[in-house]
Amino acid sequence: MAFLSAEKLAIIFGLLGNIISFLVFLAPLPTFYRICRKKSSEGFQSIPYSISFFSASLLLYYAYLKTNAYMIVSINGIGCVIEALYIFLYILYAPNKIKIFTMRWILLFNGGGLGVIMLVSLLAVNGSKRVALVGWVCAIINIAVFAAPLSVMRQVIRTRSVEFMPFALSFFLSLCAASWFCHGFFIRDYYIALPNILGLLLGVTQMILYFIYKDKKKLVQTNFELKESVSNSGKDIEMNMNFVGNEKIGVDTNCDLEVVTKNIPTTNGK
C-alpha cells in the first residue's frame, strides 16, 4: 500500500465501493420476486425505495457538478435505474390507493425536493459554491439515511433478538461505508467521506450488537388463562397458569397456579 499513490487508492476503493453498493442495491430482489409472483405488493412499503431513488438522483447531480467523479456517477446511475425498476414493479402490483400514495412520494422527493435543490443551486450560487451547497445537502441526506437503523438497534436491545438485523446486511453496509469513506478521503471529497464515518460506526455497532445477542434466548413468557364459568352452581372458577422460562442453559421453569373463586347470587327467574 505504501507504493500506491492517493489517486490509485481512490480508484481501488471507488471500485470496491461500486461493487458492494451494487450488491446492496440488489438486496431487495427477493422481495420483488415475491411481489411479482403473488402479483401483490402485500404489506411492503414503497418509501425506502422512493428515498433511495431520491438519494441516488441527488448524488448523480452532485457528481455532474463536481466533474470527473466517475465512481460516483457509475454507481448512482445504476442505482437510479434499479430503484426506478423497483418502484415501477411496486406501482404495477399495488392497490390503487397505494399507487397514488407512492407517486405522491416520488413527486415530493424527486419532483419537489430534487427540483428545488437544482433550481436553488443553479440560480442562487455558482462555481465552487454550487458544488459545496449540493455537497452539504448530499451529506445531510446520507446522514439521515445512515441514522435509519437506529430504530432497529433499539429493537434488538429491547427484545434481545437479532431476528430483524441480519449480520450479512450489517457487514456489507459497514464495508460499503468504509470503502466510500476511503474513496472520499483520498480524493479529498469530505461531502462523501464524512457521512460514511457515521455509516461505518453504526455498521460496526450493529455487528457488535449481533454478537452480543445472537446466542441470547428470548425470555419466554407464556400466559395461559383458562376460565370456566359454572352458572348453575353459582360459582366462577378462574385458573391462571403462568409459565415463565428463564434464560439459562438448563431447565428452570416456574409454574404458578392461581384459583380464584367468586360467589355469584343465584337467580330463580324473578
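The rules behind each value
Residues numbered from 1 in each chain as written. Predicted model: local features only at pLDDT ≥ 70, side-chain atom pairs only at ≥ 80, totals over all residues. Heavy atoms only, no water. Helix = DSSP H or I, 4+ residues; strand = E, 2+ residues; numbered from the N terminus. Contact = heavy atoms within 4.5 Å. Buried < 20%, exposed > 50% of the residue type's maximum accessible area, 1.4 Å probe, protein only. Core = buried A, V, L, I, M, F, W, Y, C linked by side-chain atoms within 4.5 Å. Phe/Tyr/Trp six-rings, centres within 6.5 Å; stacked < 30°, edge-to-face > 60°.

Caption draft 1: Layout of the environment of Leu 65. Checked against the element boundaries, Leu 65 lands in helix α3 (residues 47-66). Considered as a pair, Leu 65 and Ala 132 are 67 residues apart in the sequence and their alpha carbons are 9.8 Å apart. Apart from the residues lying within four places of it in its own chain, the contact partners of Leu 65 are Arg 130, Val 131 and Val 134.

Caption draft 2: Spotlight on the side chain of Asn 196. Mapped onto the elements, Asn 196 comes out in helix α9 (residues 190-213). Residue Asn 196 is classed as buried on the basis of its relative accessible area of 9%. Once you skip the residues sitting within four places of it in the chain, Asn 196 turns out to touch Phe 146, Ala 177, Trp 180 and Phe 181.

Caption draft 3: A look at the nonpolar core. In this structure, Phe 32, Leu 58, Tyr 62, Ile 72, Val 134 and Trp 180 are the most contacted members of the largest nonpolar core, which totals 36 residues. Those elements giving two or more residues to this core turn out to be α1 (6-25), α2 (29-38), α3, α4 (70-93), α5 (96-123), α6 (128-147) and α8 (167-186). Not counting residues within four places of it along the chain, the set of residues in contact with Val 134 comprises Leu 58, Tyr 61, Tyr 62, Leu 65, Ile 117 and Ser 121. If you look at the next biggest cluster of nonpolar residues, it comprises seven residues, including Val 162, Met 165, Leu 202 and Leu 209.

Caption draft 4: Broad picture of the environment of Cys 80. Locating Cys 80 in the fold gives a position in helix α4. Contact partners of Cys 80, with chain neighbours within four places excluded, come to Phe 53, Ala 56, Ser 57 and Leu 60.

Caption draft 5: Region of interest: the packing of aromatic side chains. Tallied over the full model, the rule gives 16 aromatic pairs. Taken together, a centroid distance of 5.4 Å and an interplanar angle of 75 degrees make the contact between Phe 185 and Phe 186 edge-to-face. Accessibility expressed as a relative area gives 45% for Phe 185, which makes it partly exposed. Here the aromatic residues Phe 167, Phe 171, Phe 172, Tyr 210 and Phe 211 are joined through ring pairs into a cluster of three or more.

Note that every value here comes from positions in space, so none of it alone points to a role or purpose.
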